[in-house]
Each structure stands twice: as C-alpha cells, then as structure tokens.
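# Summary of structural features
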Amino acid sequence: MEAQEIKIKSYITKYNNEKKALISILQDIQEEYNYLPQEALKIVSETLDIPLIDIVGVATFYRAFSLEPRGKHLITVCTGTACHVRGGPKILEKFEDMLNIKAGNTTPDAQFTLETVACLGCCAIGPVVVVDTNYYAQTTIRNVDSILKRHRKEEKENEAN
Ligand code: FES
C-alpha cells in the first residue's frame, strides 16, 4: 500500500468506516492536501462503497472543498452588489495585478488562490475581503498590498519556527 493510501485509509478508519462520516473524512483530506485529490476520492469511494460520482457531488456542493489544488492561502473577494458599488471590482483587479493571476486561479508558487463570492452576508462592512479566516472590512485598493504582505510575513514566520 502506498503512503497516500495508508493515510487516506487512516482517515476513514478514524470514523469507523461509516458512510455518514463522509463530510468529516473529506474535511480531513482537504486539510491535509489543501484540495481533494482524485486518487484520494477513489480510495474513499471503494472503502465506503459510495459511488465516486456521489462523492464528487458532495465535494462540489460545499465551498470548503476544492477538486483543484489550492494555494496555502485562500483570498476571497466579495463581488456581491453591496461590495460591488463600493469598489469590489477594483479591489479584485488590484489582487489580480499584484498576484499576476486571474480570479479562480492559484499562484505558481502555490501560496495564494484568488476567488470571488457573490455575498458574504456582511454587506454593511463592505467591500469585504477574506483571507483564510481573516475578514478585512471596508477594504480599499491601498490595503491590498498590506493584506498580501501580512500573509506572506506569517508564512515566513511559520517557516522559521
Ligand atoms: S455584497 Fe459583499 S458581503 Fe454582501
């Protein structure tokens, strides 16, 4: 058995091979790899005897899961109506320029994935940007640089520790 297979199977046995634990198992895999590798989903499908298509259905339903490799940090720029009128599109453009990628993509160094969302439910504090679990309220294009620097710095500090 390959190392990856052993790891995936350990996530499944942690939940006693129970089908109802599918989401928890997918969460563990997502946390480990930053996305859900196809191979891992196949192992889950075979072990739990759940059709692969059903697992992919669950994986695409929840925003927390990704079938594509994601960067270490997920940047979500709200482009919903309230954030849009307060400059959301310009903020998105600034992130795209600074990261040199378009929304929906990941930087080549796998540090950042840039995504948009239609509304985060906190319109009063828009424009809103979320990086991982950090919310940035009333963002301006001038904040973009410092937001990126802050998360790059955290990265370096984590590496040093
Ligand atoms: S439109 Fe951006 S939080 Fe609602």
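Now for a description of the structure that goes with this document. Predicted, not measured: the structure shown is a model, and the values here were computed from it.

Along its length, the protein carries 7 helices and 4 strands. Sequence-ordered secondary structure for the protein, helices as α and strands as β, is α-α-α-α-β-α-α-β-β-β-α. By its C-alpha atoms, the protein is 50 × 40 × 20 Å across when sized along the principal axes. Considering only residue pairs separated by 6 or more positions, the protein has 60% of its internal contacts joining residues 24 or more positions apart. For the protein, the exposed surface amounts to about 9500 Å²; the carbon and sulfur share of it is 51%. When the 19 positive and 22 negative side-chain charges of the protein are each reduced to one mean point, those points stand 7 Å apart.

Before going further, it helps to spend a moment on the environment of Ile29. Relative to the helices and strands, Ile29 is located in helix α2 (residues 22–33). Judged by relative accessible area, which is 0%, Ile29 ranks as buried. For the pair Ile29 and Ile8, spaced 21 residues apart in sequence, the C-alpha separation works out to 7.2 Å. Ile29 has contacts with Ile8, Tyr11, Asn34, Tyr35, Leu36, Pro37, Ala40 and Val44, leaving out every residue within four places of it along the chain.

Right, let's get into a nonpolar patch on the surface. Residues Ile23, Phe61 and Tyr62 make up a contiguous nonpolar surface patch of roughly 320 Å² in combined accessible area. Residue placement: Phe61 occurs in helix α4 (residues 52–61). Classification of Phe61 by relative accessible area gives exposed; the value is 66%.

Attention now moves to the packing of helix α1 (residues 3–14) against α2. Relative to each other, α1 and α2 sit at 145°, their axes nearing to 9 Å. Read as a crossing pair, α1 and α2 show a hand that is right-handed. In this structure, α1 contributes Gln4, Lys7, Ile8, Tyr11, Ile12 and Lys14 to the contact, and α2 contributes Ile25, Asp28, Ile29, Glu32 and Tyr33. For the contact of α1 with α2, the residue count by class is 6 nonpolar, 1 polar and 4 charged.

Bringing the nonpolar core into the picture now. Membership of the largest hydrophobic core comes to 18 residues, with the highest contact counts inside it found for Ile8, Ile25, Ile29 and Val44. Elements with a contribution of two residues or more to this core: α1, α2, α3 (38–48) and α4. Here this core gets 5 residues from one element, more than from any other, and that element is α3. Within the second largest apolar cluster, 15 residues are counted, among which are Ile75, Leu92, Leu99 and Phe112.

All chains considered together, the criterion is met by 9 salt bridges. Close ionic contact of Arg70 with Glu115 constitutes a salt bridge, the shortest N to O distance being 3.7 Å. With Arg70 in the loop between α4 and β1 (73–78) and Glu115 in strand β2 (residues 112–117), the pair connects residues that are 45 residues apart, well separated along the chain. Accessibility classification places Arg70 together with Glu115 in one group, the buried group. The salt bridge partner of Asp145 is Lys149, with a shortest N-O separation of 3.1 Å. Here the residue Asp145 and the residue Lys149 both occupy positions in helix α7 (residues 141–160), the gap between them amounting to 4 residues, near one helical turn. Classification of Asp145 by relative accessible area gives partly exposed; the value is 30%. Here Lys149 falls in the exposed class, since its relative accessible area comes to 53%.

Attention now goes to α3. If you check which residues of α3 are buried, you get Ala40, Leu41, Ile43, Val44, Ser45 and Leu48. Here the buried face of α3 lies against α1, α2 and α4. A positive phi of about 60° marks Asp49, the residue just after α3.

Rules used in this analysis
- Note that residues are indexed from 1 along each chain, following the sequence as it is written.
- The predicted origin of the model limits local features to residues at a pLDDT of at least 70 and limits the giving and counting of side-chain atom pairs to 80 or more, whereas totals for whole chains, interfaces and linings rest on all residues.
- Processing note: side-chain calculations cover all non-hydrogen atoms of the structure and skip hydrogens and water entirely.
- Numbering of helices and strands starts at the N terminus; helices are DSSP runs of H or I of at least 4 residues and strands are runs of E of at least 2.
- The criterion used for residue contact is that any of the two residues' heavy atoms lie within 4.5 Å.
- To measure how exposed things are, a 1.4 Å probe is used in the Shrake-Rupley method; for residues, cover is taken only from the protein chains shown.
- Charge counting treats Lys and Arg as positive and Asp and Glu as negative, with His and both chain ends excluded.
- Charge positions are represented by NZ for Lys, CZ for Arg, CG for Asp and CD for Glu.
- A 1.4 Å probe rolled over the protein chains alone gives each residue an accessible area, and that area as a share of the maximum for its type sets the label: buried under 20%, exposed over 50%, partly exposed in between.
- Each patch is assembled from residues with relative accessible area greater than 30% and no salt bridge, linking like charges that lie within 9 Å and nonpolar side chains (Val, Leu, Ile, Met, Phe, Trp, Tyr) that lie within 5 Å.
- Here, a salt bridge means any side-chain nitrogen of Lys or Arg that lies within 4 Å of a carboxyl oxygen of Asp or Glu.
- Here the axes come from fitting lines to C-alpha atoms, over the contacting stretch only for helices, and the angles between their N-to-C directions go from 0 to 180 degrees.
- For any pair of crossing helices, the crossing counts as left-handed if the nearer helix is rotated counterclockwise from the farther one by less than a right angle, and right-handed if it is rotated clockwise.
- Residues are sorted three ways: Asp, Glu, Lys and Arg are charged, Ala, Val, Leu, Ile, Met, Phe, Trp, Tyr, Cys and Pro are nonpolar, and all the rest, Gly among them, are polar.
- Residue types Ala, Val, Leu, Ile, Met, Phe, Trp, Tyr and Cys, when buried and joined through side-chain atoms within 4.5 Å, form a set referred to as a nonpolar core.

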